[in-house]
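Fold and contact review
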Amino acid sequence: MMDVNDSSTPAEAARLLPVLDADRLVADLMTARDHLWDEQSSYENGRVSRWAEQDWRCLAVRSPGGDKTRTDAGGPGSAEFADTDWLDHMPYVREVLSSIPGPLYAARFMDLGPGVVGYPHSDPKFAPDWGMARLHIPVITHEEASLDLDGEVHRWQPSEFWFGDFSRKHQIQNLGPEHRVHLVVDVLVTPELAQLFPADWADYFNGSDVLYNRPAVATTDQEREAARCSFDAPAHLLETEVFGSLTGSQPQATFSIVDTGTGLAMRSPQDHLFPLVALGGHEYRLVGWSEERTVTTRLDGSRPEVELTYRKGHRSTRLLVPATPAP
């Protein structure tokens with residue numbers, strides 16, 4: 001099993017190249033000033049749950065399926081990410097998002113209320129070795145709002161554009177009397193995204209610790225038909241919040257790859273569909289996820305099988321399991 005907490009980024013944060021227009025960001029934000037924002041929520045293994053303990057609210061401008069009520073970061077087992085209706089009223093935010101060179105996942109204005117102190121935690125999946133980056137664009141802030149990221153205290157300012165390695169332990173707090181609002185954007189890591197980072201990060205992005213994501217490819221009806229199968233695998237295969245291993249003695253379950261009519265999906269033992277994205281060569285990742293976890297079908301030989309892969313940077317573990325092609 002690969003260690004999920006051994007962060008390898010050169011620093012806990014990096015200021016990215018673009019300088020943004022703080023006034024235009026605020027102007028776009030004000031188009032939603034009369035709307036009661038929804039509580040922050042989380043997504044785990046196909047289920048959304050609300051956070052109600054703190055004044056921590058969100059306005060989603062990009063979400064799974066373009067659902068503006070989804071304030072979570074999404075994940076596998078959901079719809080493809082799409083712009084929400086809010087973006088129709090925010091031309092500068094749309095311009096900023098379109099300038100980020102990588103497939104965009106969730107993009108949310110996140111409002112931390114006065115007097116709120118978050119709990120220390122880490123988010124292992126939001127780091128380049130998992131193929132993801134979380135970017136922060138401060139919109140409204142003040143001197144008593146801060147982020148403790150791996151022991152370094154940050155007070156990011158409007159017009160700045162930041163990457164934070166949130167796989168490290170971090171804690172947010174707002175000890176002032178006003179709200180703090182950031183636009184938080186999740187994006188899959190690409191070589192083009194790496195060009196936004198400072199020059200002293202070049203060796204890191206040229207090394208083996210970054211999981212670059214490949215573009216999706218189209219599939220034919222014949223390819224989708226040929227990929228249908230069932231197989232037994234570790235029961236946690238689709239539970240991306242569970243950092244399990246592909247090897248060793250552990251509970252097994254039966255999964256299947258099915259054609260939904262609009263694309264391929266993996267069916268879980270609980271009968272939940274996880275849509276798939278084709279990467280070429282009969283390899284697929286989960287919609288809403290990075291290439292940290294893929295499945296490759298090899299069904300045309302005398303011993304049909306699928307290859308399961310977990311990745312962290314260039315390191316990977318693989319497991320070949322027998323498969324039964326669908327009739």
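First, a word on what this report is: a plain description of the structure on this page. (Residues numbered from 1 in each chain as written. Predicted model: local features only at pLDDT ≥ 70, side-chain atom pairs only at ≥ 80, totals over all residues. Heavy atoms only, no water.)

**A few points about the sheet that holds strand E17 (residues 264–267)**
Overall, antiparallel pairing links the eight strands, which are arranged E15-E16-E17-E18-E19-E20-E21-E22 in a closed barrel. Each adjacent strand pair in this sheet contributes to an overall mean axis angle of 35°, direction not counted. Where strand E16 (residues 252–259) lies against E17, four bridges are found, and the strand directions are antiparallel. Bridge pairing links isoleucine 257 to methionine 266 in E17. (Pairing = 2+ DSSP bridges. Helix = DSSP H or I, 4+ residues; strand = E, 2+ residues; numbered from the N terminus. Axes fitted to C-alpha atoms, helices over the stretch in contact; angles between N-to-C directions.)

**Here we look at helix H1 (residues 22–29)**
All of the buried residues in H1 are Leu25, Asp28 and Leu29. Each buried residue of H1 lies within a common arc of 100° when the element is viewed along its axis, so the set occupies one face. The backbone nitrogen of aspartate 23 has a side-chain oxygen 3.1 Å away, supplied by the residue at the start of H1, namely aspartate 21. (Buried < 20%, exposed > 50% of the residue type's maximum accessible area, 1.4 Å probe, protein only. Arc of directions from axis to C-beta. Polar contact = N/O pair within 3.5 Å; in protein donor to acceptor, adjacent residues only side chain to side chain.)

**A closer look at the packing of aromatic side chains**
The full count for this structure, using the stated rule, is twelve aromatic pairs. The rings of Phe163, Phe197, Trp201, Tyr204 and Phe205 are connected pair by pair, giving a single aromatic cluster. Above the ring of tryptophan 86, the side-chain terminus of lysine 68 is found at 5.5 Å from the ring centroid. The ring of phenylalanine 126 has arginine 134 lying over it, and the distance from NZ or CZ to the ring centre is 3.7 Å. (Phe/Tyr/Trp six-rings, centres within 6.5 Å; stacked < 30°, edge-to-face > 60°. Lys NZ or Arg CZ within 6 Å of the ring centre and 35° of its normal.)

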